[in-house]
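Residue-level structure breakdown
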Amino acid sequence: MDIERLAEGVLAGDRRALARAITLVESGRADHRRAAVDLIGRLNDADHGRQAMRIGLSGTPGVGKSTFIESFGMMLTGADLRVGVLAVDPSSARSGGSILGDKTRMERLSRAPNAFIRPSPSQSHLGGVARRTREAIALLEAAGFDAVLVETVGVGQSETVVAEMTDLFVLLLAPGGGDELQGVKRGIMEMADLLIVNKADGDLAATATRTCSDYAGALRLLRKRPQDPEGFPKALTVSAMEENGLERAWDEMRALADWRRETGHWDARRAEQARYWFEAEVRAGLLARLSREPVKGAMEALARQVEAGTTTPALAAAEVLTDVLGLGPEAGETGLDAETSLA
Ligand SMILES: Nc1nc2c(ncn2[C@@H]2O[C@H](COP(=O)(O)OP(=O)(O)OP(=O)(O)O)[C@@H](O)[C@H]2O)c(=O)[nH]1
Ligand SMILES: [Mg+2]
């Protein structure tokens, strides 16, 4: 595979190159993985720090995330902005791949020349989903997209994962009474930059307005965060179906993004996220080595010796870390600490 040419294609915004590049980062094959790491490294060197506004979007099933992305995305492409859409859906196997439904639901957006929608691949564990989404964001960014929307279903840890790879986190809510408010986990409220009450139309309009002020009240009770200007996080209403309130939502997102850029919070957050994913990759890489040969076999052999009592758990573990994984001796284990302090 010609990675140099693929990188050029992505940088030129070529859709086919982009699609191939995303397929590459999704692949679990070892040679593909090496090529993907190479590709992303090259793009990082060559993209002159291109940045998209990365927007994470979460909310319970049926709240209207896909409808919102379609309407919001159409508004942005209408303003000549290029929009990428990704999904983090660790449960996609359950629903038979909800993005398949999404593709038809996002019918207009999927045909818009300025939009790029990537269906989620078949189910994998959240770690795998996280990596491919993060790398797909990097590819879209290198390709010059202005906004990247990442949809996630409110399942388990997926919101946290998405918040760790986006600049803004938007929580979509349904109109409803006090019970609804109770249902939103506090941790997720605290992550949100914008709460958007959807379906503010028809019979639901009045309820949506009331729900919105309930949430606005709840937001005022949360601890002030350093990354927020006055008045944020904010609650507002939209109708994704009737395409109302979308401009306002975009204005608020831009105002927040501008403020964070000016005050340094934007770059600081991205730096913090890069560090987070670096550490996550190291940890995941180490764990992966443990379940592959030759470490796997060596551990099994040592485990049997530990069972038989011919060595101790601590000695056997040290042997795996030091000799099998080749990490070298730990200072304390060999008395190096004592020597150093004597020197
Ligand atoms: N009245 C009204 N209905 C809406 C609006 N937005 C979405 N809906 C409806 O709500 C239902 C769910 O919409 P989706 O966009 O599929 O919701 P989702 O959050 O993506 O759902 P999942 O992907 O299954 O989690 C559909 O029947 C939509 O037509 C809106 O603004 N007003
Ligand atoms: Mg959806």
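Counting of residues starts from 1 at the beginning of each chain's written sequence and follows it residue by residue. To read the labels, note that chains go from A and ligands from 1, taken in the order they are written. Predicted model: local features are reported for residues with pLDDT of at least 70 only, side-chain atom pairs are reported and counted for 80 or more only, and whole-chain, interface and lining totals are derived from all residues. Computation of side-chain values: all heavy atoms of the structure, hydrogens and water removed.

1. As for the packing of aromatic side chains
- In this scheme Phe, Tyr and Trp rings, the latter by its six-membered ring, pair at centre separations within 6.5 Å, and the angle between planes marks the pair as stacked below 30 degrees, edge-to-face above 60, and tilted otherwise. Applying the stated criterion across every chain yields a total of 4 aromatic pairs.
- Seen in terms of ring centroids, phenylalanine 68 and phenylalanine 72 are 5.0 Å apart; in terms of plane orientation they differ by 15 degrees. Their pairing is stacked. Taken together, the residues span about one helical turn, with phenylalanine 68 and phenylalanine 72 both in helix 4 (residues 65-78) at a distance of 4 residues.
- Partly exposed describes any residue whose relative accessible area lies between the buried limit of under 20% and the exposed limit of over 50%, with all areas from a 1.4 Å probe on protein chains only and scaled to the type maximum. The class for phenylalanine 72 is buried, based on a relative accessible area of 0%.
- A centroid spacing of 6.0 Å and a plane angle of 75 degrees characterise the contact between phenylalanine 72 and tryptophan 250, whose relative ring orientation is edge-to-face. Taken together, the positions of phenylalanine 72 in helix 4 and tryptophan 250 in helix 12 (residues 246-263) put the pair 178 residues apart, joining distant regions of the chain.
- Residue classification places tryptophan 250 among the buried positions, given a relative accessible area of 9%.
- Counting every residue linked through ring pairs, the aromatic cluster contains Phe68, Phe72 and Trp250.
- Here lysine 234 stacks its cationic end above the ring of phenylalanine 232, 4.6 Å away from the centre of that ring. The numbering of helices and of strands both runs from the N terminus, where a helix is a DSSP run of H or I of at least 4 residues and a strand a run of E of at least 2. Criterion for a charge above a ring: Arg CZ or Lys NZ at most 6 Å from the ring centre, at most 35 degrees from the ring normal.

2. With respect to helix 11 (residues 205-220)
- To estimate how far a helix should extend, the number of its residues minus one is multiplied by 1.5 Å. The terminal C-alpha atoms of helix 11 lie 23 Å apart, and with 16 residues this matches the ideal 22 Å at 1.5 Å per residue to within 8%.
- By the burial criterion, the buried members of helix 11 are Ala208, Thr211, Cys212, Tyr215, Ala216, Ala218 and Leu219. Considered in projection along helix 11, the buried side chains sweep an arc of 160 degrees and stay on one side of the axis. Structural note: helix 11 exposes Ala206, Thr209, Arg210 and Arg220 on the side pointing more than 90 degrees away from its buried face. The directions considered for the arc are those from the helix axis to the C-beta atoms.

These figures capture arrangement, not role.
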